[in-house]
Amino acid sequence: MGIVKSLTQLSDDDRIQTTEEEIARIKLAKRYYAGNYLFKMGLPINTVRYFNQQGNERSRTFETINVTEMVAKRIASICLNSGFDVSVSLVDVAGSDDDSNSSQSTQLNDFVNAWLDSSGIRLNLEEKLQQAIAPGGMAARPYVQNNQIKNAWIRADQFFSLDSNTEEVTQAAIASRQVKVVDKVLYYYTLLEFHQWLSDGTYQITNELYKSNNKQAVGEQVPLGTDDVCSDIAPQVNITDFKRPLFAYFKCPGDNNIDPESPLGIGFVNNCQSVLDAINYVHDSFIWETRMGRRKVLTPPEMVKQADEYHQTANFDPDQDVYTPVSALSSDSNNPVVQINPDIRVQEYQQTMEFFLHELENKVGLSTGTFSTDAQGGITTATQVVSENSMTYQTRSSYLNKITKLLTDLIKSMLQLAQESQLFDDGKAPLSNIDIDQVVVSVHYDDGVFVDKDKQATQDMLAVQQDVLSRKTYLKRNYGMSNEQADAELAQVKAETPDQPVGESQQERDLLNGGDE
């Protein structure tokens, strides 16, 4: 009889080097991103227990403001809200024909950009980046389905490194879970996908399925296809001609100061937890004080009695809740009614909130005023924006470097997969003879508000005049044209330009007739 493999936690597997502490850190960040800031055993999420004036225990909702989601959304937006362009080319190979190399580069560029659109990467990258910023990372993996190359996004809590004490993640385990009812029993199925390099350079993918009726446990290993789960997945795949992993990992900029041995990134939640909690405590306290600080009117009991057969109407509107009967008061006294108007400390709460928001802005690398309410108004130029938001601009640049690496690695992984003929119908792969070591990926991001468009156009025009920038690039950068649109526009300009122009300025001559195509 064989020994049945069983796992309580994913970190129990000897191959996984991500520690239980790292897994707990990522789970905490995920909980904060979902807006679940207060968690106590035996209580619903975001619930506060307290004692009222009679000494009775009561509970209420902890009024949160999901500032974690706000920070992640803001950083993702300043990075990718204006979109990005990708160009792919092949480096010149000694002995290759320039025309054939250029043609192959063009075809490869068109193939990659079509895939970025069809797989949803261009459309969904900002959203996925937002999810990755709080826990510190994410991954993406291309795969073939129905003869199409698609992309799977992998959350931080699904990705586990098989490497330790390294800067790059070259081997990983990817976990995905699904739930199914079998014989009226709810089971949890966890698929573990191990990506490993063997000693001879072979890239090996191993798939293992685990089954459990306990949500908190991974469970026992069962054959693939058990209960019709993962029946179309092979237990193991070996690929001999891969040069890089079949996944790309995005790591937030900055050092993992909590676990320096881990190659995984760290998000802002774990280093800003106390500030995030403070912001929510201030927000909760202010709302609670507002609710408890409503105007009250204390009256003798006989003044708020209900209508009966002898008194056809009540003394006060029955829908009112500001009138509270107090037996110690008498309608015969000189002051039978006592008004209570508590002062709500709006200014104090606002100043406290501003203090913690400024602290959070500094910790996450955003300029002062990003979240606070004291930002200056008025019209500013792009140059002023860069100057006044220098910290935000620097943070954006750091993130863009990591995003560029993610896109570069993902494209190269996809190009490897696109040449594996056994994965496609009739053994016909869409690409062949592409060496990913010769693939050059360039990513251009629209700087949006950080760039003065007029100044950029002027500088680019001077570059065209100095023959260091092509007219085609000028049109693409300053008018947002595609390669085809720029080629058509240049052809039209050439057709409309006389052989011997009369009255043409030097600037026009340089821009329209000079430079490289």
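The following paragraphs examine the structure supplied in this document. Here the structure is a predicted model, which means the values were calculated and not measured. (Residues numbered from 1 in each chain as written. Predicted model: local features only at pLDDT ≥ 70, side-chain atom pairs only at ≥ 80, totals over all residues. Heavy atoms only, no water.)

Focus: the packing of helix 10 (residues 471-479) against helix 11 (residues 483-496)
So, step 1. Between helix 10 and helix 11, the shortest axis-to-axis distance is 9 Å and the interhelical angle comes to 125°. With respect to helix 11, the axis of helix 10 lies oblique. Crossing of helix 10 over helix 11 shows right-handed handedness. In this structure, helix 10 contributes Arg471, Lys472, Leu475 and Lys476 to the contact, and helix 11 contributes Asn483, Ala486, Asp487, Glu489 and Leu490.
So, step 2. Within the contact of helix 10 with helix 11, the residues separate by chemical class into three nonpolar, one polar and five charged. (Axes fitted to C-alpha atoms, helices over the stretch in contact; angles between N-to-C directions. Helix = DSSP H or I, 4+ residues; strand = E, 2+ residues; numbered from the N terminus. Parallel < 35°, antiparallel > 145°, perpendicular 65-115°, else oblique. Left-handed = near helix turned anticlockwise from the far one by under 90°. Contact = heavy atoms within 4.5 Å. Nonpolar A, V, L, I, M, F, W, Y, C, P; charged D, E, K, R; others polar.)

Examining the sheet that holds strand 5 (residues 137-145)
So, step 1. An order of 6-5-13 is seen for the three strands of this open sheet, with the pairing classed as antiparallel. With one partner strand each, in any of the chains shown, strand 6 (148-154) and strand 13 (248-251) form the two edges of the open sheet. Here the average twist between neighbouring strands, direction ignored, is 20°.
So, step 2. As paired elements, strand 5 and strand 6 share seven bridges and run antiparallel to each other. Its bridge partner being in strand 6, Pro142 is matched across the sheet by Asn151. (Pairing = 2+ DSSP bridges.)

As for the pattern of salt bridges
So, step 1. One pass over the structure, following the stated rule, counts 20 salt bridges.
So, step 2. A salt bridge links Arg15 to Glu208; the nearest nitrogen and oxygen atoms lie 3.0 Å apart. With Arg15 in the loop between strand 1 (6-7) and helix 1 (20-33) and Glu208 in strand 10 (residues 203-212), this pair connects stretches of sequence that are 193 residues apart.
So, step 3. Residue Arg15 is classed as partly exposed on the basis of its relative accessible area, which comes to 24%.
So, step 4. With its nearest N and O atoms 2.7 Å apart, the salt bridge here joins Asp409 to Lys405. One end of the pair is Asp409 and the other is Lys405, both in helix 8 (residues 390-417) and four residues apart, which spans about a single turn.
So, step 5. Judged by its relative accessible area of 30%, Lys405 is partly exposed. (Salt bridge = Lys/Arg side-chain N within 4 Å of Asp/Glu carboxyl O. Buried < 20%, exposed > 50% of the residue type's maximum accessible area, 1.4 Å probe, protein only.)

Thoughts on the packing of helix 5 (residues 269-292) against helix 6 (residues 346-364)
So, step 1. Remark: helix 5 packs on helix 6, axes separated minimally by 10 Å, with the N-to-C direction vectors making an angle of 160°. For the element pair helix 5 / helix 6, the angle class is roughly antiparallel. Helix 6 is crossed by helix 5, and the crossing has left-handed handedness. Contact residues: Asn271, Cys272, Val275, Leu276, Ala278, Ile279, Val282, His283, Ser285, Phe286 and Glu289 in helix 5; Val346, Tyr349, Thr352, Met353, Phe356, Leu357, Glu359, Leu360, Lys363 and Val364 in helix 6.
So, step 2. Residues that form the contact of helix 5 with helix 6 fall into these classes: 14 nonpolar, four polar and three charged.

Observations regarding the packing of aromatic side chains
Aromatic rings considered in pairs are described by the distance between their centres and by the relative angle of their planes.
So, step 1. Inspection of the entire model under this criterion finds 11 aromatic pairs.
So, step 2. Ring centres of Phe84 and Tyr445 lie 6.4 Å apart, and the angle between their planes is 50°; this geometry places the pair in the tilted category. Highlighted residues: Phe84 in strand 4 (residues 84-90) and Tyr445 in strand 17 (residues 439-445), separated in sequence by 361 residues. One exposure class covers both Phe84 and Tyr445, and it is buried. (Phe/Tyr/Trp six-rings, centres within 6.5 Å; stacked < 30°, edge-to-face > 60°.)

Things to note about the pairing of strand 10
So, step 1. The buried fraction of strand 10 amounts to nine of the 10 residues, a majority that puts the element mostly inside the structure.
So, step 2. In the sheet, strand 9 (residues 185-197) pairs with strand 10 via 10 bridges, with the strands oriented antiparallel. Of the residues in strand 10, the one forming a bridge with Tyr188 is Ser212.
So, step 3. Linking strand 9 back to strand 10 in an antiparallel pair, the connection comprises five residues, with Gly201 at a positive phi of about 90°.

Considering the nonpolar core
One broad trend across soluble globular proteins is that nonpolar side chains are buried collectively.
So, step 1. Counting residues in hydrophobic clusters, the biggest one holds 85 residues, and the most contacted among them are Phe159 and Ile403.
So, step 2. Top element by residues in this core is helix 8. It accounts for 10 residues.
So, step 3. Sequence-distant contacts of Ile403, defined by excluding residues within four places in its chain, comprise Cys79, Leu80, Leu125, Leu129, Phe250 and Tyr445.
So, step 4. Core analysis: the second largest hydrophobic core is formed by 12 residues, Ala173, Leu192, Phe194 and Tyr210 among them. (Core = buried A, V, L, I, M, F, W, Y, C linked by side-chain atoms within 4.5 Å.)

Side note on helix 1
So, step 1. If you check helix 1, its first and last C-alpha atoms are 20 Å apart, about what 14 residues at 1.5 Å a residue would give, namely 20 Å.
So, step 2. What helix 1 keeps buried is the set Glu22, Ile23, Arg25, Ile26, Leu28, Ala29 and Tyr32.
So, step 3. Those residues of helix 1 that are buried are in contact with helix 2 (67-80), strand 7 (159-161) and helix 5.
So, step 4. Just downstream of helix 1, Gly35 is the residue with a positive phi angle, here 90°. (Expected span 1.5 Å × (residues − 1).)

Some thoughts on unusual backbone geometry
So, step 1. A positive phi is found at Asn147, a non-glycine position, where the angle reads about 70°.
So, step 2. Locating Asn147 in the fold gives a position in the loop between strand 5 and strand 6.
So, step 3. Here Asn147 falls in the partly exposed class, since its relative accessible area comes to 32%.

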